[in-house]
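# Fold and geometry: a report
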Amino acid sequence: MIQQKSSAAGGEVIDAISRFLAAPPEGTPTEIIEAFNSFGDGQILPPKLFLETVEQAPVAISITDPSARILYVNQAFEKLTGYGRDDVIGHNESMLSSRSTPISVYQELWKTIQSKQVWQGTLVNHKKCQEEYLAELVISPVLAPSGEVSYYLGMHRDITSMHQLEQRLKFQKSLTEAALDAAPMVVAMITAERKVLLDNHAYKALLGDCRGVEPAGLFLDALEQQIDFDLVDACRTGKGFTNVEIRLDLAGSTAPRWFACSAVRVDELDEAAQNYFKQQEQTRYCLLLIANEVTGSRKRINEVRLNMIRASMAEQQMVETMREAISGAIFKMQVPFNIIRAALAMPGTGSDKCGVCQVLHQALESGNEAMESLQAALPSPTLEQASMVNINEILHEVMRLSTDRLLASGVVVDWRPAAVLSSVTGRPNALRGLFKYLIDNAIQAVNESGQDYREIRLQSRQVDQELVVEVMDNGPGIPDSMRLKVFEPFFCGWLRAGEHAGMGLTMAQEVIVGHGGSIEVDADFYGGCRVFVRLPVKGAGGV
Ligand code: FAD
């Protein structure tokens, strides 16, 4: 009804102008006729078209005088507000105000438009039926040739539903964030380029523990090494995983942290305008990583494991001690036998008739028998299956096994593990024995130095396809002349040799060579001793 009426009114104006132009009244200034006609000369569109455009525009348009008294409203205005032209013309625009808009907004509005600027903002309006709505309004001043404001052009649309949607989105976002933050597990959304798009409180707390190193990167490195996880491929194919336990050795923390990780691919919505019509092809994916810390339960399992390791190492130690003692005895017995053999080989000796020679022969024979008995009594080395081992784990276990000795010697242990380390193929007990031996040596060294501050540093790192472990102490060090000798069997350079037979480093070397690696004493290290152990990572050699 309203529309029909307004269209009719617009039509009347247009018809009137057309009639005027068809037969301009006598005496009409030619400038006016030219001005009206200039709209239709092909350069500027005819006024009828302008009027119809405004009239039929889908946005609510009003034209007011400089005091906001309404002179004209279009069909969309009538439709949106429910007010007909007769209801509003001659009234102030304030008749639309719902009285919920703060006065400061109006003051700002008027300050802007009176200084001949365009004002844009949101007001709370009401319709004729008193229903309130949010009006997104643009007011543009229309200037007279003198430069004064002669009219204001107002254009507004109802953005209530958009605002409601925005509010709902905000609510859902804050709800999601609150739920994520309240969750005890670490949550992070990661792009294929390893950028963290979203995280939670637990993630931020872990970031603090990692001293600023992005935990997402550490998780991805560990997953890559543990299950050959490929982030880019997972984002492409959508292949996730559940409950993969990974280990992180954080700098400054004595114990490792364990996390059960799960991941699922999610769409990353593209906000770029140019991709509006290409959402399907342009969809980028990212990974939602959820990591539940299981250090507590892992610790309990490890405690039981450690006790088993302790028992098996004690057994292994006993066998090694026996092997060491018997090998030492065999080695020492070789000396007199070699002298006897040399004596018998001297010219003029060795004759069966010589009494001394007969005695020497008998001594040699019974000595050989004794040696054979000793060889037979030599326990065979413990055979152990190779498996994938984590050197950080081995080192940590060895530190735990040596805790009592370290405490008794007042040694400060500086543990500097690589946060994530590739696994190596190795014999776990043999490797434990090797590192235990190096740590025991380091304890003995700092004890012999007799200084007050005693420190042992254990460091692990990965250099390409090689793992390097450094065992360093601030004891007296190993002089250059002895650097190679220490690996010789039965060499003992300790001041207090005690039960040391000098076979430890020889056996350590045997173990490490058996793993395809190497062991050396750093010649350039001063102020103590530093031993490097190098091991190839899986596939690069080894057991
Ligand atoms: P008012 O006393 O009218 O205004 C509040 C404050 O605004 C005053 O204290 C004063 O600082 C300032 N002010 C008001 N009128 C003038 C003036 N003539 N000169 C200088 N300062 C002035 N309001 C709406 O609520 N909804 C609309 O959709 C809307 N559309 C508008 C469209 C146009 C083209 C224009 C020019 C104004 C529009 N207004 C609209 C503003 C409206 O005219 C009123 O200013 C407003 O509604 C506040 O009205 P009021 O009676 O509460 O207070």
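Preceding this section is the structure that the text describes.
Remember, predicted model here, so these are calculated numbers, not experimental data.

## Looking at the overall build of the chain
Assigned secondary structure in the chain consists of 17 helices and 17 strands. The 543 residues of the chain split such that 38% are buried. Across the chain, contacts joining residues at least 24 apart in sequence account for 59% of those joining residues at least 6 apart. Roughly 30700 Å² of accessible area belongs to the chain as shown, and the carbon and sulfur atoms make up 56% of that amount.

## So, the pairing of strand S7 (residues 196-199)
Taken together, the three bridges between strand S6 (residues 186-191) and S7 define a ladder with antiparallel strand orientation. Opposite Ile190, over in S7, you have Val196 as the bridge partner. A loop of four residues connects S6 with S7, the two strands running antiparallel in sequence, and Arg194 in this loop sits at a positive phi of about 70°.

## Structural notes on the environment of Ser518
Here Ser518 shows up in strand S16 (residues 518-521). Among the residues examined, Ser518 registers a relative accessible area of 30% and is labelled partly exposed. As a C-alpha pair, Ser518 and Ala508 span ten residues in sequence and 9.8 Å in three-dimensional space. Other than its neighbours up to four places away in sequence, Ser518 contacts Ile512, Phe532, Val533 and Arg534.

## Section: the packing of aromatic side chains
Counted under the stated rule, the structure contains three aromatic pairs. Look at Trp110 and Tyr152: their rings are 5.9 Å apart centre to centre, the planes differ by 85°, and that puts the pair in the edge-to-face class. Here Trp110, found in helix H6 (residues 103-114), pairs with Tyr152, found in strand S5 (residues 149-158); they are 42 residues apart in sequence, far enough to count as distant. Judged by relative accessible area, which is 28%, Trp110 ranks as partly exposed. Taking relative accessible area as the criterion, Tyr152 reaches 4% and is therefore assigned buried. For the pair Phe229 and Phe241, a centre-to-centre distance of 5.1 Å together with 80° between the ring planes defines the contact as edge-to-face.

## A short note on the site of the ligand
Near the ligand, the surroundings consist of 20 residues, among which Asn92, Arg99, Tyr106, Trp110 and Asn125 are the closest. One of the side-chain nitrogen or oxygen atoms of Arg99 is found 2.5 Å away from an oxygen atom of the ligand. In the environment of the ligand, a nitrogen atom lies 3.0 Å from a nitrogen or oxygen atom belonging to the side chain of Gln114. When the ligand is considered free in solution it has 910 Å² of accessible area, and contact with the protein chains removes 76% of it. Looking at the shell around the ligand, the elements that each hand over two or more residues are H6, strand S3 (119-126), strand S4 (132-143) and S5. Take the shell around the ligand: its biggest share by element is six residues, from H6. Broken down by class, the residue content of the shell around the ligand amounts to ten nonpolar, eight polar and two charged.

## A short note on the pairing of S16
Burial along S16 is one-sided: Ile519 and Val521 are buried, and none of Ser518 and Glu520, which face the opposite way, are. Bridging between S16 and strand S17 (residues 529-536) involves four bridges; their strand directions are antiparallel. Residue pairing across strands places Ile519 opposite Val533, the latter belonging to S17.

## Some words on the sheet that holds S5
One open sheet accounts for five strands, arranged S2-S1-S5-S4-S3; its pairing is antiparallel. Two strands in the sheet have a free side with no partner beyond their single neighbour: strand S2 (70-73) and S3. Each neighbouring strand pair of the sheet contributes to a mean axis angle of 30°, computed without reference to strand direction. Alignment of S3 against S4, held across eight bridges, turns out to be antiparallel. Residue pairing across strands places Trp119 opposite Ile139, the latter belonging to S4.

## Topic: the nonpolar core
Ile391, Leu431, Leu434, Phe435, Leu438, Ile519 and Val533 are the most contacted members of the largest nonpolar core, which has 39 residues in total. Those elements that place two or more of their residues in this core are helix H14 (391-401), strand S12 (411-416), helix H16 (428-449), strand S14 (454-463), strand S15 (466-473), helix H17 (504-514), S16 and S17. Sort the elements by how many residues they give to this core and H16 lands first, with nine residues. Within the second largest apolar cluster, 29 residues are counted, among which are Ala202, Tyr203, Leu220 and Ala234.

## Some points on the sheet that holds S17
Reading across the sheet, the five strands line up as S12-S14-S15-S17-S16 and stay open at both edges, with mixed pairing between neighbours. Two strands close off the open sheet at either side, each with one partner strand: S12 and S16. Strand-to-strand twist in this sheet, taken as the mean axis angle between neighbours without regard to direction, amounts to 15°. The strands touched by H14 are S12, S14, S15 and S17; relative to S12, the strand with the most contacts, the crossing angle is about 170°. The strands touched by H17 within the sheet are S16 and S17, with S16 carrying the most contacts at an inclination of about 140°.

## Remarks on the side chain of Ser62
Take Ser62: it is sitting in strand S1 (residues 60-64). According to the relative accessible area criterion, Ser62 is buried, its value standing at 3%. In this structure the side chain of Ser62 is engaged in a polar contact, spanning 2.6 Å, whose partner is the side chain of Glu93. Other than its neighbours up to four places away in sequence, Ser62 contacts Tyr72, Val73, Phe77, Glu93, Tyr152, Leu153 and Gly154.

## Comments concerning the pattern of salt bridges
Scanning the model with the defined rule gives 29 salt bridges in all. Measuring nitrogen to oxygen at the nearest pair gives 2.5 Å for the salt bridge that ties Arg298 to Glu245. Taken together, the residues Arg298 in helix H12 (residues 295-344) and Glu245 in strand S8 (residues 241-248) connect sequence positions 53 residues apart. The class for Glu245 is partly exposed, based on a relative accessible area of 30%. The shortest N-O distance in the salt bridge between Asp440 and Lys436 comes to 3.1 Å. In this pair, Asp440 and Lys436 both sit in helix H16, four residues apart, roughly one turn of the helix. Shared partners join several salt bridges into a network, and the residues in it are Arg247, Asp249, Arg305, Glu393, Glu397 and Arg432.

Rules behind the numbers
Residues numbered from 1 in each chain as written. Predicted model: local features only at pLDDT ≥ 70, side-chain atom pairs only at ≥ 80, totals over all residues. Heavy atoms only, no water. Helix = DSSP H or I, 4+ residues; strand = E, 2+ residues; numbered from the N terminus. Buried < 20%, exposed > 50% of the residue type's maximum accessible area, 1.4 Å probe, protein only. Contact = heavy atoms within 4.5 Å. Areas by Shrake-Rupley, 256 points an atom, 1.4 Å probe, with all protein chains shown as cover. Pairing = 2+ DSSP bridges. Phe/Tyr/Trp six-rings, centres within 6.5 Å; stacked < 30°, edge-to-face > 60°. Near = heavy atom within 4 Å. Polar contact = N/O pair within 3.5 Å; in protein donor to acceptor, adjacent residues only side chain to side chain. Nonpolar A, V, L, I, M, F, W, Y, C, P; charged D, E, K, R; others polar. Axes fitted to C-alpha atoms, helices over the stretch in contact; angles between N-to-C directions. Core = buried A, V, L, I, M, F, W, Y, C linked by side-chain atoms within 4.5 Å. Salt bridge = Lys/Arg side-chain N within 4 Å of Asp/Glu carboxyl O.

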